[in-house]
Each structure stands twice: as structure tokens, then as C-alpha cells.
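Residues per chain, in single letters:
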Amino acid sequence: VKLVESGGGLVQPGGSLRLSCAASGFTFSSYAMSWYRQAPGKGRELVAAITGAGGTTNYADYVQGRFTISRDNAKNTVYLQMNSLKPEDTAVYYCHARNTATGLRYWGQGTQVTVSS
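Here we summarise the structure given alongside this text. (Residues numbered from 1 in each chain as written. Predicted model: local features only at pLDDT ≥ 70, side-chain atom pairs only at ≥ 80, totals over all residues. Heavy atoms only, no water.)

**Some remarks on the pattern of salt bridges**
(1) Moving on: Across all of its chains, the model carries three salt bridges by this definition.
(2) Moving on: Among the salt bridges present, the one from Asp89 reaches Arg37, with a minimum N-O distance of 2.9 Å. Pair noted here: Asp89 is in the loop between strand E8 (77-82) and strand E9 (91-99) and Arg37 is in strand E4 (residues 31-38), with a separation of 52 residues, a long-range link.
(3) Moving on: Arg37 gets classed as buried once you look at its relative accessible area, which sits at 6%. (Salt bridge = Lys/Arg side-chain N within 4 Å of Asp/Glu carboxyl O. Helix = DSSP H or I, 4+ residues; strand = E, 2+ residues; numbered from the N terminus. Buried < 20%, exposed > 50% of the residue type's maximum accessible area, 1.4 Å probe, protein only.)

What follows is the structure, encoded as C-alpha cells:
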């Protein structure tokens, strides 16, 4: 099982980034996918989630209207489009997979997002 994030980097406030998470080794469409983040000195927090078929999404209040989670089950990939980025969005962003039937969970290694001028 592998979850490989990409797309992080340094961006100015107000800018945009799109994170990708490529999954392998499990039946992707059977897993709800989420993005979490962890800022220095803070705990890991949920950013956004999407169901296996992609019909339902949920967002943390602090990213609502700025971030969009989506998935392409044909490519075994989940995305996080991040717009209007703020310095407080600076964190390591992690991809997470959860099988809603069995409870099995997997984590990616994380990708750094830094918002700074």
C-alpha cells in the first residue's frame, strides 16, 4: 500500500497550489479519502474529506470556500485544490485513506506547503 503526495511548495499569500495523492495497493474506490495537515508545534487536523464515490465532501471551517477536494477513481488519485492561501495554511499536508467497512487506514508521507511572502 502506498500513498504518495505531491504538489507542495512555497507560495505567496493569496496564491494557489494543487496537491495530488497517488494511491496503490488497495481498492481505491472503497476508501474514503481525506487530507490532513500538521503545522509546527500543533496536532494533526482534518482539512477535507471525500467519500469513495466522490459524492460527498466535507471541509474544515477554516478552508471552506477556499479549498476543494476531488478524486479520480480511474487514476487512483485524490486532489486538494487550495486557493487564496494564507500564512496560517503553512503545514505538512498528509493524504489519508479509510475503508469505511473495515476501518483500515493508511497515511502518506506528507508534503510541505509554505505560504510566505
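**Digging into the state of the cysteines**
(1) Moving on: Enumeration according to the criterion identifies one disulfide in this entry.
(2) Moving on: A sulfur-sulfur distance of 2.1 Å marks the disulfide that ties Cys21 to Cys95. Between Cys21 and Cys95 the disulfide shows an S-S torsion of about -85 degrees. By sign, it is left-handed. Taken as a pair, Cys21 in strand E3 (residues 17-24) and Cys95 in strand E9 lie far apart in primary sequence, 74 residues in all. Across this residue pair, the class does not change: Cys21 and Cys95 are buried. (Disulfide = S-S within 2.5 Å.)

**Describing the sheet that holds E8**
(1) Moving on: Judged by pairing direction, the sheet is antiparallel, and its four strands sit side by side in the order E1-E3-E8-E7 without closing on themselves. Both outer strands of the open sheet, strand E1 (2-6) and strand E7 (67-72), are each paired with one neighbouring strand and no more. Direction aside, the axes of adjacent strands within the sheet are offset by 15 degrees on average.
(2) Moving on: Strand direction decides the pairing type here: E3 and E8, joined by six bridges, are antiparallel. Each residue of the ladder has a partner; that of Arg18, found in E8, is Gln81. (Pairing = 2+ DSSP bridges. Axes fitted to C-alpha atoms, helices over the stretch in contact; angles between N-to-C directions.)

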